[in-house]
Amino acid sequence: MGRNTRKRRTPLATKAIAASAALALGGGGLLWANYFASAHETSNQAWGGNQTKAAGAQVATISCPDVGQKLTNVPAAARNGVAAELANLDRQITEAYSRLASTRQAQANDASFVQNAIVGPLKEKRAATIDRIRIDIQRVGGTFNQSLSQLAACTTLTANQTNAGQTGGGQQQNGGQQQGGQQQNGGQQQGGQQQNGGQQQGGQQQNGGQQQGNGGQAGNGPVAADFVDITKVAPNVQAKPQKTGNASTGQFVTRCGVNANKNHNTDNVIVAPGVANGAHHLHDYVGNQKVDAFSSNQTFLQGGTSCQNKNDLSSYYWPVVRIQDGTQDFDQNKDGGGKEGNVGRILTPVQAEIKYVGNPSSKVVAMPQFLRIITGDAKTTTNGLANANAHWSCTGFENKVQLTTQYPICPQGSNVVRTFAFQNCWDGQNIDSANHRTHVAFADPASGVCGNGFKAIPQLTMRLVYKINPPVIQNGQVKNAYAVDGFPDQLHKAATDHDDFISVTTGGLANKIANCINSGQRCQ
């Protein structure tokens with residue numbers, strides 16, 4: 001659930017970035033697809049028809065500064081309390097978005113309604129919550145950055161602005177390099193417009209589960225412009241860095257299943273420990289079988305595992321993918337499910353491949369016990385693409401095309417593929433950090449070298465394959481869309497995809513993984 005502190009660019013600045021043809025690839029090696037990059041893509045002309053000015057101007061969602069990313073130094077004794085308050089901030093945004101979505105008629109009748117009835121009260125709630133964070137930190141002797149108090153105010157985004165990640169000229173989407181766990185230049189570009197901006201029609205479903213509003217079966221995405229025919233996208237996968245003589249070339253595969261036993265919850269123990277429904281969307285879990293908001297390092301060791309290697313008690317979890325075809329699932333009326341805009345039929349992957357790989361420039365050190373890593377950002381719709389690390393493709397295209405800000409429409413016989421490459425450098429000291437990012441980083445994308453005194457660790461890579469009937473675009477709307485679960489205000493954009501990991505091993509497995517990779521072997 002990554003948070004990010006980069007200021008959103010103006011459309012003019014965004015266009016200026018789009019004009020730059022030579023963008024460096026972000027960090028992180030995704031070796032299955034034969035590239036060593038963070039989120040990037042070549043875009044295509046947006047699907048769908050025209051959009052009225054009224055639809056484009058309608059408030060689509062609420063954008064609030066991400067307080068969590070600014071909290072880079074929180075005393076250990078205050079972290080649980082601060083995490084609970086950060087979860088309160090997420091809950092406040094979710095509630096505000098729900099009010100935004102349910103008061104379209106009032107907004108049409110009163111131009112000041114959103115500011116007076118939604119955004120203004122939200123600012124007051126956020127200010128009080130940020131002050132409680134200050135108290136939590138100062139109570140244990142920590143230092144509070146007073147500038148955080150200025151982050152209470154939120155803004156609104158129109159339908160056009162939420163689609164700013166699209167491009168129209170074949171430029172790469174996400175070019176910034178990542179250092180210290182933070183990507184420096186998101187390369188967000190302007191282009192296609194959101195296609196379906198009309199008001200919701202009382203929850204009535206249309207066109208294979210589609211609604212008006214922000215699109216989608218629940219009225220909060222996705223829309224036609226969120227999809228692209230992958231056969232019409234130019235190849236954009238870059239070459240891997242050249243290996244040095246000291247490269248660690250082995251790989252270790254762990255087989256943990258596809259969550260066929262349907263181990264789900266809407267918690268996130270990394271970001272919101274002790275907070276039920278802290279993720280506001282549903283996760284698939286493989287590996288450790290007893291992970292929820294109230295788990296601890298001690299309970300992880302007692303959790304059992306779905307992995308064939310019973311020494312691998314690690315937790316691998318990601319947001320589910322759903323088909324929005326008008327059907328419902330078990331959580332239709334539950335928090336994190338239908339009550340928060342995550343609707344449709346949950347898909348189980350037909351494949352889930354988990355593999356640890358090496359570093360092209362050096363040997364790796366073993367991952368420390370209980371290391372936490374989050375890759376990607378669940379809030380890119382409002383945060384921007386700085387921490388995006390989503391990769392969408394189709395079988396048969398993975399070595400040619402990877403998408404970040406759009407979902408692929410795959411040709412018949414080809415399956416949808418989500419791939420993740422986690423941060424592969426560690427600060428050598430911490431198993432987590434206050435913002436869950438700065439203790440890990442991506443290696444330099446050109447050389448594979450870890451900077452800032454960080455150490456190379458085995459890079460966790462994951463490949464999830466889904467059998468999905470291709471969505472169909474008609475009259476600017478998408479039928480039978482699919483989308484990743486997310487916060488309701490994030491509108492189910494492809495770039496919000498993310499993945500979470502907690503390293504838990506027994507029997508010396510962490511050292512065995514590192515030794516296997518360093519010796520160039522293929523192990524499992």
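A brief structural summary.

Calculation rules
- Residues numbered from 1 in each chain as written.
- Predicted model: local features only at pLDDT ≥ 70, side-chain atom pairs only at ≥ 80, totals over all residues.
- Heavy atoms only, no water.
- Helix = DSSP H or I, 4+ residues; strand = E, 2+ residues; numbered from the N terminus.
- Buried < 20%, exposed > 50% of the residue type's maximum accessible area, 1.4 Å probe, protein only.
- Contact = heavy atoms within 4.5 Å.
- Areas by Shrake-Rupley, 256 points an atom, 1.4 Å probe, with all protein chains shown as cover.
- Disulfide = S-S within 2.5 Å.
- Expected span 1.5 Å × (residues − 1).
- Bend = angle between axes of the 7 residues up to and from the residue.
- Axes fitted to C-alpha atoms, helices over the stretch in contact; angles between N-to-C directions.
- Parallel < 35°, antiparallel > 145°, perpendicular 65-115°, else oblique.
- Nonpolar A, V, L, I, M, F, W, Y, C, P; charged D, E, K, R; others polar.
- Lys, Arg positive; Asp, Glu negative; His and termini not counted.
- Salt bridge = Lys/Arg side-chain N within 4 Å of Asp/Glu carboxyl O.
- Phe/Tyr/Trp six-rings, centres within 6.5 Å; stacked < 30°, edge-to-face > 60°.
- Lys NZ or Arg CZ within 6 Å of the ring centre and 35° of its normal.
- Pairing = 2+ DSSP bridges.
- Polar contact = N/O pair within 3.5 Å; in protein donor to acceptor, adjacent residues only side chain to side chain.
- Core = buried A, V, L, I, M, F, W, Y, C linked by side-chain atoms within 4.5 Å.

## Overview of the overall build of the protein
Secondary structure assignment for the protein yields 10 helices and 25 strands. Within the protein, buried positions represent 61% of all 524 residues. Of all intrachain contacts in the protein linking residues separated by at least 6 positions in sequence, the fraction that spans at least 24 positions is 77%. Summed over its atoms, the accessible surface of the protein is roughly 18,900 Å², and 47% of this surface lies on carbon and sulfur atoms.

## Some remarks on the state of the cysteines
Simply put, disulfide is the name for a covalent bond between the sulfur atoms of two cysteines. For the coordinates displayed, the defined rule picks out 5 disulfides. Paired by a disulfide, C516 and C523 hold their sulfur atoms 2.1 Å apart. Between C516 and C523, the S-S torsion sits near 105°, and that sign places the bridge as right-handed. If one numbers only the bonded cysteines of the protein, in the order they occur, the disulfide pattern is 1-2, 3-4, 5-6, 7-8, 9-10.

## Topic: helix 6 (residues 113–139)
Between its first and last C-alpha atoms helix 6 spans 38 Å; for 27 residues at 1.5 Å apiece the expected length is 39 Å, and the two agree. By the largest-angle criterion, V119 marks the main kink of helix 6, which is about 30°, and a proline, P121, follows within four residues. Along helix 6, the positions that sit buried rather than exposed are F113, V114, I118, V119, G120, L122, R126, T129, I130, I133, D136 and I137. Where helix 6 is buried, its residues meet strand 1 (59–63), helix 3 (67–70), helix 4 (79–102), helix 5 (104–109) and strand 2 (155–158).

## Let's talk about the packing of helix 4 against helix 6
It is at 9 Å that the axes of helix 4 and helix 6 come closest, and there the two elements cross at 175°. Relative to helix 6, the element helix 4 is oriented roughly antiparallel. Residue-level inspection shows G81, V82, E85, L86, N88, L89, Q92, I93, E95, A96, R99 and L100 of helix 4 in contact with helix 6, the latter providing F113, V114, A117, I118, L122, K125, R126, T129, R132, I133, D136 and I137. Here the residues of the contact of helix 4 with helix 6 are counted per class, giving 13 nonpolar, 4 polar and 7 charged.

## What about the side chain of E340?
Take E340: it is sitting in the loop between strand 10 (321–324) and strand 11 (345–347). For the buried E340, no salt bridge exists, and the shortest N-O distance to an oppositely charged side chain is 7.7 Å, to K339.

## Structural notes on the packing of aromatic side chains
For the coordinates displayed, the defined rule picks out 9 aromatic pairs. Centre to centre, the rings of W392 and Y407 are 4.9 Å apart; their planes meet at 75°, and the pair counts as edge-to-face. Linking W392 in strand 14 (residues 392–394) with Y407 in strand 15 (residues 407–409), this pair joins segments that are 15 residues apart in sequence. Residue classification places W392 among the buried positions, given a relative accessible area of 0%. What makes Y407 buried here is its relative accessible area of 0%. An aromatic cluster is defined as three or more aromatic residues linked by ring pairs; in this entry it consists of F227, W392, Y407 and Y482. Seen from the ring of F397, K400 lies directly overhead, with NZ or CZ sitting 4.8 Å from the centre.

## So, the sheet that holds strand 19 (residues 455–456)
On the basis of which strands lie adjacent, the open sheet formed by 3 strands has the order 18-17-19 and antiparallel pairing. Each edge of the sheet is formed by a strand with only one pairing partner; in this case those strands are strand 18 (440–441) and strand 19. Summarising the sheet, strand 17 (residues 425–426) and strand 19 pair through 2 bridges and their orientation is antiparallel. Bridge pairing in strand 19 links C425 to A456.

## Re the side chain of N359
Mapped onto the fold, N359 is located in the loop between strand 12 (351–357) and strand 13 (372–376). Within polar-contact distance, the side chain of N359 engages the backbone nitrogen of S362 at 3.2 Å. Within the structure, N359 has its side chain in polar contact with the backbone oxygen of G448 (distance 2.9 Å). In contact with N359, not counting residues within four places along its chain, are A247, S248, V364, N424, A443, G448, C450 and A456.

## So, the pattern of salt bridges
Tallied over the entire structure, the rule returns 13 salt bridges. Across the pair D90 and K379 runs a salt bridge whose closest N-O atoms are separated by 2.5 Å. A residue pair is termed long-range when its members are at least 10 positions apart, and D90 in helix 4 and K379 in the loop between strand 13 and helix 9 (380–383) qualify at 289 residues. Assessed through its relative accessible area of 7%, D90 is described here as buried. Of the residues examined, K379 reaches a relative accessible area of 10% and is grouped as buried. Notably, a salt bridge pairs D325 with R345, separated by 3.6 Å at the nearest N-O pair. Of this pair, D325 sits in the loop between strand 10 and strand 11 while R345 sits in strand 11, and the two are 20 residues apart along the sequence. Residue D325 is classed as partly exposed on the basis of its relative accessible area of 24%. Members of the salt-bridge network, linked through shared partners, are R322, D331 and D485.

## Focus: the nonpolar core
Formed by 60 residues in total, the largest nonpolar core has its most connected members in Y316, Y356, W392 and Y482. Among the elements that make up this core, the one with the highest residue count is helix 10 (residues 509–518) (5 residues). Among the nonpolar cores identified, the runner-up in size contains 17 residues, and I62, V114, C154 and L491 belong to it.

## Section: the sheet that holds strand 24 (residues 498–502)
Judged by pairing direction, the sheet is antiparallel, and its 5 strands sit side by side in the order 7-8-9-24-13 without closing on themselves. If you trace the sheet from one side to the other, it starts and ends with strand 7 (264–265) and strand 13, each paired once. Bridge analysis of strand 13 against strand 24 gives 5 bridges, and the strand direction is antiparallel. From the neighbouring strand, I374 faces strand 24, where its bridge partner is D500.

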